[in-house]
Amino acid sequence: MDDKVINVKALCKSYKKQEVLHDYSLSVKQGHICGLIGPNGAGKTTIMKIMAGIMFPSLGSLEFFGSPDNLDDSRARMSFMIEQPIISGSLTARDNLKYVCCLRGYPDEKRVDEILELVGLAGTEKKKADKFSLGMKQRLGIGMALLPKPEIMVLDEPVNGLDPEGIVEIRQLIRRMQEDWGVTVLISSHLLSELSELCTDFSIISHGKLIENLSREELLVKCRNHITLRTDDINKTAAILEDKLSIRDYKVIHGEEIHVFEKIDEIHNISQTLTDSGLVITRLNEEGQSLEDYYLERVGGQV
């Protein structure tokens, strides 16, 4: 049995004559958390809007829960929070949630109380939503998406505007949704460090084009350990690495530091050779490549 609950194939989208999404494909397995990674304008929100049925693709196909048919019925089993939560500022958090109950045909007062507690808004009974901070509105938006017990949640920048403590709380909530309730999550965020801690899978997109889909395990293999090296002369350092140490597998990062991917166990010899050559070392330590480093490497440093 195919356990892929999201399957998009060769999506393309053009506005007038400008193509903003080209041949994008993605599959997400049930119960996984997939991080959609890319800078502003990369096409992330367009992908999510097509999935939600807010806009139609110019080309390509969609399948949810293993079927390309009855997409609206499938979307009834899903929740979406795209760009900004759709909140009525004249209502309290509770009344916004009760309104969603009516829209989704889910009249459950106990569920409203449960959601208010989950997203940290239980103490805001009399406060109108237009008086909420951006972070509180994000919490309420996630609560509104979570209320009907969806099998798939699509979240566009859900931690936007949250303080560090709030980000941790939302991360824990999304992980609980996955682990305890089996919810499949597609999430975008510009905070790559957060996605690296949360996601089981990653989809990297740039300028509307798929760069790579990979699992956490594949990412860990590709994010190799390396020596991070800074000196007072990066060009001279690179020459010495090649000429005196026979190191070829390295990368100069933004003209400021070098990542060395071989002879990591010879770090002391590298240090001594550079020092003997008259260079001043300002940084020399062994590190693992981060998701952000890997992303920048794959898209050629575009941010």
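Refer to the structure printed above.
Residues numbered from 1 in each chain as written. Predicted model: local features only at pLDDT ≥ 70, side-chain atom pairs only at ≥ 80, totals over all residues. Heavy atoms only, no water.

## Observations regarding the overall build of the chain
Each helix and strand in the chain was counted, giving eleven helices and 13 strands. Within the chain, buried positions represent 47% of all 303 residues. For the chain, long-range pairs separated by at least 24 residues make up 66% of all intrachain contacts whose partners lie at least 6 apart in sequence. Surface accessibility of the chain: about 15400 Å² in total, with carbon and sulfur atoms responsible for 48%. Charge separation in the chain, taken as the distance between the mean sites of 37 positive and 47 negative side-chain charges, equals 6 Å. (Helix = DSSP H or I, 4+ residues; strand = E, 2+ residues; numbered from the N terminus. Buried < 20%, exposed > 50% of the residue type's maximum accessible area, 1.4 Å probe, protein only. Contact = heavy atoms within 4.5 Å. Areas by Shrake-Rupley, 256 points an atom, 1.4 Å probe, with all protein chains shown as cover. Lys, Arg positive; Asp, Glu negative; His and termini not counted. Charge placed at Lys NZ, Arg CZ, Asp CG, Glu CD.)

## Examining the nonpolar core
In this structure, Ile-174 and Ile-187 are the most contacted members of the largest nonpolar core, which totals 47 residues. At six residues, helix H5 (residues 134-146) tops the list of elements feeding residues into this core. In this structure, Ile-174 is in contact with Ile-33, Leu-155, Val-185, Ile-187 and Leu-198, ignoring residues within four places of it in sequence. Membership of the second largest hydrophobic core comes to 25 residues, among which are Val-8, Met-55, Leu-186 and Ile-205. (Core = buried A, V, L, I, M, F, W, Y, C linked by side-chain atoms within 4.5 Å.)

## Comments concerning the packing of aromatic side chains
Tallied over the full model, the rule gives zero aromatic pairs. Over the ring of Phe-65 we find Arg-77, and its NZ or CZ is 3.7 Å from the ring centre. (Phe/Tyr/Trp six-rings, centres within 6.5 Å; stacked < 30°, edge-to-face > 60°. Lys NZ or Arg CZ within 6 Å of the ring centre and 35° of its normal.)

## Digging into the sheet that holds strand S13 (residues 281-288)
Spatial strand order, S11-S12-S10-S13: four strands in an open sheet with antiparallel pairing. Of all strands in the sheet, those with a lone pairing partner are strand S11 (250-253) and S13, marking the two edges. For this sheet the average axis-to-axis angle between neighbouring strands, irrespective of direction, equals 20°. Here strand S10 (residues 225-231) pairs with strand S12 (residues 257-260) via three bridges, running antiparallel. (Pairing = 2+ DSSP bridges. Axes fitted to C-alpha atoms, helices over the stretch in contact; angles between N-to-C directions.)

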